[in-house]
Amino acid sequence: MNSKEQISHDDYQKTADWLKSQTKHRPQVAIICGSGLGVLADNLKCQDSFAYSDIPGFPQSTVQGHAGRLVFGELKGKTCVCMQGRFHMYEGHSLCKTTFPVRVFKLLGVETLIVTNAAGSLADGLRPGDIMIIKDHVNFPGLVGMNPLFGPNDDKFGPRFPAMSGCYDKGLRSSAMEIGKQLGVSELMHEGVYAMVGGPNFESIAEARLLHRLGVDAVGMSTAPEVVIAIHCGLKVFGLSLITNKVVKSYEDSDSVNHEGVLEVSRLRSQTVQQLVTELVSRMETNNNAV
Ligand SMILES: O=P(O)(O)O[C@@H]1C[C@H](O)[C@@H](CO)O1
Ligand SMILES: Nc1nc2[nH]cnc2c(=O)[nH]1
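Please read these numbers as outputs of a predicted model, since none were measured by experiment.

(A) Broad picture of the site of ligand 2. Around ligand 2 sit 13 residues, and of these A118, G120, E203, G220 and N245 come closest. The backbone of G120 places a nitrogen or oxygen atom 3.3 Å from a nitrogen atom of ligand 2. The separation between a nitrogen atom of ligand 2 and a polar side-chain atom of E203 is 2.7 Å. In the complex, the protein chains occlude 95% of the 270 Å² of accessible area that ligand 2 would expose alone. It is strand β5 (residues 112-121) that provides the largest number of residues to the shell around ligand 2, a total of three residues. A breakdown of the residues in the shell around ligand 2 according to their chemical character gives eight nonpolar, four polar and one charged.

Set out below in structure tokens:
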């Protein structure tokens, strides 16, 4: 798993150039839609959309609830590109494939990455349907060497040893909390720590208890590698978790989680997440530096 499949700068550039030849949109903001959150692309105006299978170099989505489409369009005066479907390590993608689109976005001129995901809650105050603005993450696979930056560093993208402190932009986080208030959903809004685990199984009770003790508020199977790559190449990052289930922490609790339930809660709350993200994008300052 540690062996690093190499993707050259040229490979990312070829995909970016192909996309530039197919659409006039030059995005400033990229949005990665978590499980069941593909609706985030629906507000984009003047859409150009591409199936992942038609984009040279792109991996394929294999998970239910991840459509496998890249959608370009205008959102409140900003040009955006939206991934309807992300790639997960548990699908068998290498981490550089998992994060491939993020470097392509950088080459397209994107300045800010918005990552969303479905996650299970460990913190007692987080209920299904709540929205957790990600304050920080624990990249469990990364801590044991499964990091998308493993292997020779590509200096054209960023430094060998990037800092990850403050990786989730403070200004965007407070803006999102403010927007939540204005949308009248402040009771749903929280900030917390997201942990990525490898999946695809959900947590055992002992694992859930361990994560809780370690200070993790919500757990999922994505996001951290994309954020590491985004920070490495200088993108601003905003992340949110839609809490779709409580992670079972008690041997007396007979609840159990499944992917269909995760998708159902995501869909129920997707309009609210869409409104939040749309308003956040509308308030973003961008440089408009088309490439
Ligand atoms: O892509 P995300 O992180 O939203 O997907 C979560 C984690 C698993 O892929 C799936 C489990 O239901 O949802
Ligand atoms: N690991 C993990 N991922 C999730 N994605 C949505 N819910 C969960 C969960 O409970 N655990």
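(B) Structural view of the UniProt feature "binding site: a purine D-ribonucleoside" (unreviewed entry) in the protein chain. With numbering aligned to this structure, UniProt lists the feature "binding site: a purine D-ribonucleoside" (unreviewed entry) at E203 and N245. The largest pairwise C-alpha distance within this set of annotated residues, which runs over 43 residues, is 11.9 Å, so the set is compact in three dimensions. Topologically, E203 is positioned in the loop between β7 (189-196) and α6 (205-213). Ignoring sequence-local partners within four residues, the contact set of E203 consists of V197, A208, L211, V219 and V247. The topology assignment puts N245 in strand β9 (residues 236-246). Once residues lying within four places of it in the same chain are set aside, the contact partners of N245 are A119, G120, S121, P128, V257 and V262.

(C) How the structure looks around the pattern of salt bridges. Tallied over the entire structure, the rule returns six salt bridges. Here R283 ties to E279 by a salt bridge, and the two come within 3.0 Å at their closest N and O atoms. One end of the pair, R283, and the other, E279, are both in helix α8 (residues 259-283), four residues apart, so they sit about a helical turn from each other. Accessibility expressed as a relative area gives 23% for E279, which makes it partly exposed.

(D) The arrangement of the site of ligand 1 in detail. Around ligand 1, 13 residues are found, and the nearest of them are S35, H88, Y90, S222 and H259. Within the side chain of R86, one N or O atom sits 2.9 Å away from an oxygen atom of ligand 1. Y90 places a polar side-chain atom, nitrogen or oxygen, 2.6 Å from an oxygen atom of ligand 1. For ligand 1, whose accessible area on its own is 340 Å², the fraction buried by protein is 96%. Mapped onto the shell around ligand 1, the elements with two or more residues apiece are β5 and α8. A per-class count over the shell around ligand 1 returns five nonpolar, seven polar and one charged.

(E) Representation of the packing of aromatic side chains within the structure. For the structure on display, the rule yields eight aromatic pairs. Aromatic pair Y12 and F100: ring centres 5.1 Å apart, planes at 25 degrees, arrangement stacked. One end of the pair, Y12, is in helix α1 (residues 9-22); the other, F100, is in helix α3 (residues 100-108), and 88 residues separate them in sequence. Of the two residues, Y12 and F100, neither departs from the other in class, the shared state being buried. Measuring from ring centre to ring centre gives 6.1 Å for F58 and F87, while their planes differ by 75 degrees; the resulting arrangement is edge-to-face. Here the residue F58 occupies a position in the loop between β2 (45-51) and β3 (69-75), and F87 occupies one in the loop between β4 (78-84) and α2 (95-98), the gap between them amounting to 29 residues. Overall, the relative accessible area of 6% leaves F58 in the buried class. Clustering of aromatic rings is evident, with ring pairs tying together Y12, Y52, F58, F87, F100 and F157. The cationic tip of K97 hangs over the ring face of F100; the distance from NZ or CZ to the ring centre is 5.6 Å.

Calculation rules
Residues numbered from 1 in each chain as written. Chains lettered and ligands numbered in written order. Predicted model: local features only at pLDDT ≥ 70, side-chain atom pairs only at ≥ 80, totals over all residues. Heavy atoms only, no water. Near = heavy atom within 4 Å. Polar contact = N/O pair within 3.5 Å; in protein donor to acceptor, adjacent residues only side chain to side chain. Areas by Shrake-Rupley, 256 points an atom, 1.4 Å probe, with all protein chains shown as cover. Helix = DSSP H or I, 4+ residues; strand = E, 2+ residues; numbered from the N terminus. Nonpolar A, V, L, I, M, F, W, Y, C, P; charged D, E, K, R; others polar. UniProt positions renumbered as here; feature names shortened; annotations may be inferred. Contact = heavy atoms within 4.5 Å. Salt bridge = Lys/Arg side-chain N within 4 Å of Asp/Glu carboxyl O. Buried < 20%, exposed > 50% of the residue type's maximum accessible area, 1.4 Å probe, protein only. Phe/Tyr/Trp six-rings, centres within 6.5 Å; stacked < 30°, edge-to-face > 60°. Lys NZ or Arg CZ within 6 Å of the ring centre and 35° of its normal.

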